[in-house]
Amino acid sequence: MKPKTSVELMEAARRREVEHEILSYFLAVESYPARAASEPEVSFETHCWSVYTELESGWAN
C-alpha cells in the first residue's frame, strides 16, 4: 500500500470534519424539540452549536 500524499490526508481530514458537522446538525434537529420544551429561550442555533461542541469534546477524548 502506498503512503498517502499530503493532499489525500487533507481531503480525508476535511471529509471527517464535514461528516462531524452533518452528524451534529442531525442530532441537533432530532433533540431540539425536547430542549425547546424545557428551555424555550434557547434558539436552534445555540442548541446546534452546543451539540457540535459536545460531540467535538467527546471525539477529542
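Residues numbered from 1 in each chain as written. Predicted model: local features only at pLDDT ≥ 70, side-chain atom pairs only at ≥ 80, totals over all residues. Heavy atoms only, no water.

Enquirer: Tell me about the side chain of His47, residues and numbers included.
Expert: Relative to the helices and strands, His47 resides in helix α2 (residues 44–60). Beyond its immediate sequence surroundings of up to four residues, His47 is in contact with Ala28, Ser31, Tyr32, Arg35 and Val42. (Helix = DSSP H or I, 4+ residues; strand = E, 2+ residues; numbered from the N terminus. Contact = heavy atoms within 4.5 Å.)

Enquirer: Just give me the short version of the packing of aromatic side chains, but keep the residues and values in it.
Expert: All chains considered together, the criterion is met by four aromatic pairs. An angle of 90 degrees between the planes, with centres 5.4 Å apart, marks the rings of Tyr32 and Phe44 as edge-to-face. Of the two residues, Tyr32 is situated in helix α1 (residues 6–38) and Phe44 in helix α2; the sequence distance between them amounts to 12 residues. Residue classification places Tyr32 among the partly exposed residues on the basis of a relative accessible area of 21%. Overall, Phe44 belongs to the partly exposed group, its relative accessible area being 27%. Following the ring pairs from residue to residue traces out a cluster consisting of Tyr25, Phe26, Tyr32 and Phe44. (Phe/Tyr/Trp six-rings, centres within 6.5 Å; stacked < 30°, edge-to-face > 60°. Buried < 20%, exposed > 50% of the residue type's maximum accessible area, 1.4 Å probe, protein only.)

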